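# Observations on the three-dimensional arrangement
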Amino acid sequence: MALQDKYKQLTDAASAAGISDLIVREQDGILYIDGTAPSGAIKDQLWDIYNSIDPNFSSGDLILNVNVSIDASVTKVKVVTENSNLNIRKGPGTDQPIVGKAAHGEVITLVNRSNEQWWLVRTKDNEEGYCYAQYLSPEA
Amino acid sequence: MKIIKSLALMALITSTFFIGCKPKDADIKIAVEKSISALPNLTGTTVDVKDGIVTLTGQLKDDNAKGLAETTTKAVKGVKSVVNNLSITTPVLVAVDDLLTKAVNDAVKDYPTVVANVKDGIISLTGKIKKEALPKLMMAISALKPKKINNQLTTN
């Protein structure tokens, strides 16, 4: 119960921000918060609260797993790397061969998101392969 | 005189009726909470009482616990009925080490100063990271279904 109190501000904010399928569970001394955020801004806001309660996330007593909901109609994604090109790989994993590159800021076609971490994409040159989803931002 | 007397009597009866009714729900709540707290697998149950009707909310481990909470509550004196709004929590699923290791390696690939280790579902992070990059890395790793993240990264 003490953990739920520690992160009460976070769970309250998650409920207030309209996180869908919100599940808060405590198991073996770790609090697990799962859910889907309506936007990336809401997800960032929750992580800011987490960082303020537990500076630098060093306590190891919370797993905050909030996805951002993406409309099924989204077919374009923008490459949001820091400044480098993004590798496109044959399969979902960094152990997979690189089959192409997408430029920083380029908008490419999203083929499917069946793997949460690795999205299947297609470039304008019709190169198809998997990119790390963290570096892809859905275009409205 | 007779009318005044009976009026006074009525007032007395009404007032005792109302005064007598209010703390009753509070007493029932205390009694139910006491019975429930005696059973460890019912931890997480919240009790509300209105007019003798008890509403149970919260999350419990399984259907047995949910049923037990209801029968325990029904056995408390003064309880008219029970509204069982308890839900069941499914246990947290942790990814197996092989899959977790692969996914963690993918996530830390672009942070050459970060070292990640996986054992029994626990991800340990050591090394250095830029302060502004830490939340991004933590977000990516938290989505991989680890049991725990042991973050010992120093920020610069």
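Residues numbered from 1 in each chain as written. Chains lettered and ligands numbered in written order. Predicted model: local features only at pLDDT ≥ 70, side-chain atom pairs only at ≥ 80, totals over all residues. Heavy atoms only, no water.

The name an unreviewed UniProt entry gives chain B is BON domain-containing protein, with Pedobacter polaris as the organism.

The name given to chain A in an unreviewed UniProt entry is SH3 domain-containing protein, with the source organism recorded as Pedobacter polaris.

## With respect to the overall build of chain A
The condition is simple: Numbered from the N terminus, helices here are DSSP runs of H or I no shorter than four residues, and strands are runs of E no shorter than two. The buried label applies to any residue whose accessible area, calculated with a 1.4 Å probe on protein chains only, is under 20% of its type's maximum; exposed applies above 50%, and partly exposed to all values in between. Note on contacts: a residue pair is in contact if any heavy atoms of the two residues lie within 4.5 Å. Note on areas: these come from Shrake-Rupley sampling with a 1.4 Å probe, and a residue is covered only by the protein chains present in the view. Two residue types count as positive, namely Lys and Arg, and two as negative, namely Asp and Glu; His and chain ends fall outside the count. Charged groups are reduced to one reference atom each: NZ for lysine, CZ for arginine, CG for aspartic acid, CD for glutamic acid.
Helix and strand content of chain A: 3 helices and 10 strands. For chain A, the succession of helices and strands along the chain, N to C, is α-α-β-β-α-β-β-β-β-β-β-β-β. Dimensions of chain A along its principal axes, counting C-alpha atoms only, are 55 × 30 × 25 Å. Per-residue burial over chain A gives 42% buried out of 140 residues. Expressed as a percentage of contacts within chain A between residues at least 6 apart in sequence, the contacts between residues at least 24 apart total 54%. Accessible surface computed for chain A: about 7,000 Å², of which carbon and sulfur atoms make up 46%. Charged side chains of chain A number 12 positive and 19 negative; the gap between the two group centres comes to 8 Å.

## Considerations on the nonpolar core
Keep this limit in mind: Buried Ala, Val, Leu, Ile, Met, Phe, Trp, Tyr and Cys residues form a nonpolar core when they are joined through side-chain atoms within 4.5 Å.
Counting residues in each nonpolar core, the largest one holds 61 residues, and the members touching the most others are Leu10 and Leu136 of chain A together with Leu125 and Leu137 of chain B. Tallying contributions element by element places helix α4 (residues 134-142) of chain B first for this core, with 6 residues. Here Leu125 of chain B is in contact with Val108, Val114, Val115, Ala116, Leu137, Met138, Ile141, Ile149, Asn150, Asn151, Gln152 and Leu153 of chain B, once residues within four sequence places are set aside.

## Some points on the domain arrangement of chain A
Note on interface size: it is often stated as the accessible area lost on association of the parts. Convention followed: An automatic or database domain assignment provides the domain bounds reported here.
Domain annotation for chain A reports domain 1 (2-68) and domain 2 (76-138). Each of domain 1 of chain A and domain 2 of chain A was reduced to a C-alpha centroid, and the two centroids are 28 Å apart.

## Quick look at the interface of chain A and chain B
The criterion, for reference: Two parts placed together each lose some accessible area under a 1.4 Å probe, and the buried area is that loss summed for both. Any carboxyl oxygen of Asp or Glu within 4 Å of a side-chain nitrogen of Lys or Arg constitutes a salt bridge here. Between N or O atoms, a polar contact is any pair within 3.5 Å; within protein, one atom must be a potential hydrogen donor and the other a potential acceptor, and residues adjacent in sequence are included only when both atoms are from side chains. Polar here means any residue other than Ala, Val, Leu, Ile, Met, Phe, Trp, Tyr, Cys and Pro, which are nonpolar, and Asp, Glu, Lys and Arg, which are charged; Gly is therefore polar.
Listed per partner, the contact involves 30 residues of chain A and 29 residues of chain B. Carbon and sulfur atoms make up 49% of the surface buried where chain A meets chain B, a total of about 2,600 Å² over both sides. Our enumeration of links across chain A and chain B arrives at 2 salt bridges. Notably, a salt bridge pairs Asp28 of chain A with Lys147 of chain B, separated by 3.9 Å at the nearest N-O pair. At the surface where chain A touches chain B, the tally comes to 12 residue pairs in polar contact (both at pLDDT 80 or more). Sorting the residues of the side of chain A that touches chain B by element identifies β1 (20-27), β2 (30-37), α3 (40-53), β3 (62-68) and β5 (86-89) of chain A as the ones contributing at least two each. Residues that form the side of chain A that touches chain B fall into these classes: 12 nonpolar, 11 polar and 7 charged.

## Comments concerning the environment of Lys102 of chain B
Counting through the fold element by element, Lys102 of chain B comes out in helix α3 (residues 97-108). Once the C-alpha coordinates of Lys102 of chain B and Val118 of chain B are considered, the two residues, 16 residues apart in sequence, prove to be 9.6 Å apart. Dropping the residues within four chain positions of it, Lys102 of chain B is found in contact with Pro92, Gly93 and Asp95 of chain A.

## Describing the packing of aromatic side chains
Residues and elements named next belong to chain A. Note the threshold: The pairing test for Phe, Tyr and Trp rings, Trp by its six-membered ring, is centres within 6.5 Å, and the orientation test on the planes gives stacked under 30 degrees, edge-to-face over 60, and tilted for anything in between.
Using the criterion set out here, one finds 6 aromatic pairs over all chains in the structure. Judged by centre distance (5.9 Å) and plane angle (80°), the rings of Tyr7 and Tyr50 are edge-to-face. Placement of the pair is Tyr7 in the loop between α1 (2-6) and α2 (8-16) and Tyr50 in helix α3, with a sequence separation of 43 residues. Here Tyr7 falls in the buried class, since its relative accessible area comes to 0%. Relative accessible area serves as the criterion here: at 1%, Tyr50 is assigned to the buried category. Where Tyr132 meets Tyr135, the ring centres are 6.3 Å apart and the plane angle is 50°; that geometry is what we call tilted.

## Focus on the sheet that holds strand β1 (residues 45-50) of chain B
Residue and element names in this part refer to chain B. Spelled out, the test is: Pairs of strands are assigned from DSSP output, requiring at least two bridges between the strands. Between the N-to-C directions of two axes lies an angle of 0 to 180 degrees, each axis being a line fitted to C-alpha atoms and, for a helix, fitted only over the stretch in contact.
Ordered in space as β1-β2-β3, the 3 strands form an open sheet in which the pairing is mixed. Each edge of the open sheet carries a strand with a single partner, namely β1 and β3 (81-88). On average, each strand axis in the sheet is tilted by 10° relative to the strand beside it, whichever way the strands run. With 6 bridges joining them, β1 and strand β2 (residues 53-60) adopt antiparallel strand pairing. Opposite Thr45, over in β2, you have Gly58 as the bridge partner.

## Describing the sheet that holds β2 of chain A
All names here are of chain A. In spatial order, the strands read β1-β2-β3; together these 3 strands make up an open sheet with mixed pairing. Each edge of the sheet is formed by a strand with only one pairing partner; in this case those strands are β1 and β3. In this sheet, neighbouring strand axes are inclined to one another by 5° on average, regardless of whether the strands run parallel or antiparallel. Bridge analysis of β2 against β3 gives 7 bridges, and the strand direction is parallel. When the bridges of β3 are listed, Thr36 appears paired with Asn67. Set on the sheet, α2 makes contact with β1, β2 and β3; between it and β1 the angle comes to about 160°. Along the sheet face, α3 touches β2 and β3 and points at about 165° away from the line of β3.

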